[in-house]
Amino acid sequence: MGHGQVRRQRQTQVRQSMSNKMWGGRFSERPDAIMEEINVSIDVDRHLYAQDITASKAHAAMLAAQGIITANDAKNIGKGLDTILSEIRKGSFDFKRALEDIHMNVEGRLSELIGPAAGRLHTARSRNDQVATDFRLFVRDTIDDIDAALARYQAALVRRALEHADTVMPGFTHLQTAQPVTLGHHLMAYVEMAARDRGRFRDARKRLNESPLGAAALAGTSFPIDRELTARTLGFDRPMANSLDAVSDRDFVLETLSAASITAVHLSRFAEEIVLWTSPLVGLVRLSDKFTTGSSIMPQKRNPDAAELVRAKTGRVIGALNGLLIVMKGLPLAYQKDMQEDKQGAMEAFAALSLAVRAMTGMVDDLMPEAERMKQAAGDGYATATDLADWLVRTLKMPFRDAHHVTGRIVGLAAKQGVALHELPLSEMQSVEPRITAQALAVLSVESSVKSRTSYGGTAPKNVRAQAKAWQKRLEKEQNSR
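Keep in mind the model is a prediction, meaning the values are calculated, not measured. (Residues numbered from 1 in each chain as written. Predicted model: local features only at pLDDT ≥ 70, side-chain atom pairs only at ≥ 80, totals over all residues. Heavy atoms only, no water.)

## Some remarks on the packing of helix 7 (residues 127–163) against helix 13 (residues 344–366)
Going by this rule: Angles shown run from 0 to 180 degrees and are taken between the N-to-C directions of axes, each axis being a line fitted to C-alpha atoms and, for helices, limited to the stretch in contact. The way it works is that DSSP assigns letters per residue, a run of H or I at least four long becomes a helix, a run of E at least two long becomes a strand, and they are numbered from the N terminus. Note that the term roughly parallel is reserved for angles under 35 degrees, roughly antiparallel for angles over 145, roughly perpendicular for angles of 65 to 115, and oblique for everything else. Helix crossings are classified by the rotation of the near helix relative to the far one: an anticlockwise turn of less than a right angle makes the crossing left-handed, while a clockwise turn makes it right-handed.
Running from N to C, helix 7 and helix 13 cross one another at 15°; their axes reach a closest spacing of 9 Å. When the axes of helix 7 and helix 13 are compared, the pair comes out roughly parallel. The two elements helix 7 and helix 13 meet at a crossing, and its hand is left-handed.

Structural data, given as structure tokens:
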């Protein structure tokens, strides 16, 4: 028999032994085709290949350090795993559905590459602690990527806030014109939201950063393993303290999905504003061709589809959180096959959020404010009425409730005459409150209104510039420390 035939025979034997299966001699018949189809997970968990190989290399090195396998076997295992990693990255690796998951696909290929030594890699571990470790590493990497993307989003918001610290626009409550604010102030609100989002992701990362590896199937192992060593090698803070918890916990996914859901809601709120602002009926901002699409039938249309899709992807993220909560709610300890459903929704949600953050960052850079229209809209609806009431309190020492009543009557006069508040003749104002002077008229412009809001966190342009510059320094420091 030639060398090629021997190699092919060995590969066939490996595939047969792996497919009947890693379960060993307990089963004498192949599973039903439907059973194989519902059981297979390689289409999803193949995305864990880098984490699976990294964790396997750490496990093999630990086994050798503890004298559980030979140094030569560990060396060959490491080389074989590096070869597999290279094959997957080049796209030449043959993922086999018959081998169910990423773990057995890697182990099967390793057997082809290095022979029986591959079987020693699974000493003192189970697919239960293996997948828990891989997914923790994946989620940790995902958190780091999302955090970096949110930092870039914040930086874009801060840049535009500095540009528009003085650009007056209407502030809304109940989607009704309330008081004038500046566009810079409005953008900085989303910087603060993103900061809380990043804090939640950091909190989730801190809690997930414990290693399940070595918990084995559920009860630990009788081999003299060093879990501290594998935890350090993989960048975990410590091993998980309870083997049952280690293989059955998915809090780390739920918590990260919760952080992702809140982040997606924040992005969706901003996306909704962009959709409103770009409507010709509102006309506060424009988006360029980069982030809009046209209509197949109406040539005049410019649709804010990027913002609309960011808004829609929020449902995917929240849905993944709800889905996994429902999967986990009735599961007794320890590992259950239900947990195989923990990955697809989460991976899709994280990908959707990452894309949404990048899209929103692009739209922030692309936004073209219509400054004159913003200023005009900021004065509509008697938006500076509160400034008049504040003047009455500050200058005439009037109780605020009385000032509120007087201002309301003056607004009523302006509405009857169809003029803006600052256009109402002083004599008309004095017919309601004789002590009002021309000085009161000076506070009724939208520019004066925003400049007066100097309390900490207020919309005054000098406040906005100070906050934006502070955030710029903070983000630059973070970037330099990465």
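## Brief notes about the packing of helix 11 (residues 251–278) against helix 12 (residues 305–328)
What counts is decided by this rule: Only Asp, Glu, Lys and Arg are considered charged in this grouping, and only Ala, Val, Leu, Ile, Met, Phe, Trp, Tyr, Cys and Pro are considered nonpolar; every other residue, Gly among them, is considered polar.
Axis separation between helix 11 and helix 12 bottoms out at 8 Å; the angle between their running directions is 160°. It follows that helix 11 is roughly antiparallel to helix 12 by the angle criterion. Seen from above, helix 11 lies across helix 12 with left-handed handedness. Of the residues assigned to the contact of helix 11 with helix 12, the class counts are 18 nonpolar, four polar and three charged.

## Topic: helix 5 (residues 71–90)
Here is the rule we go by: To estimate how far a helix should reach, multiply one less than its number of residues by 1.5 Å. A simple rule labels every residue: compare its accessible area, found with a 1.4 Å probe on the protein chains alone, to the largest value its type can have, and call it buried under 20%, exposed over 50%, or partly exposed in between. The contact rule is simple, with two residues in contact once any of their heavy atoms fall within 4.5 Å.
With 20 residues, helix 5 should cover 28 Å at 1.5 Å per step; its first-to-last C-alpha distance of 29 Å lies within 8% of that length. Buried residues of helix 5: Asp73, Ala74, Ile77, Gly78, Gly80, Leu81, Ile84, Leu85, Glu87 and Ile88, and no others. In the core, the buried residues of helix 5 are packed alongside helix 4 (49–65) and helix 6 (102–114).

## As for the side chain of arginine 250
Considering the arrangement of structural elements, one finds arginine 250 in the loop between helix 10 (243–248) and helix 11. Its relative accessible area of 1% is what places arginine 250 among the buried residues. Apart from residues no more than four positions distant in its own chain, arginine 250 is found in contact with Val131, Ala132, Met328, Tyr335, Met339 and Asp342.

Any functional reading would require information beyond the geometric quantities listed.
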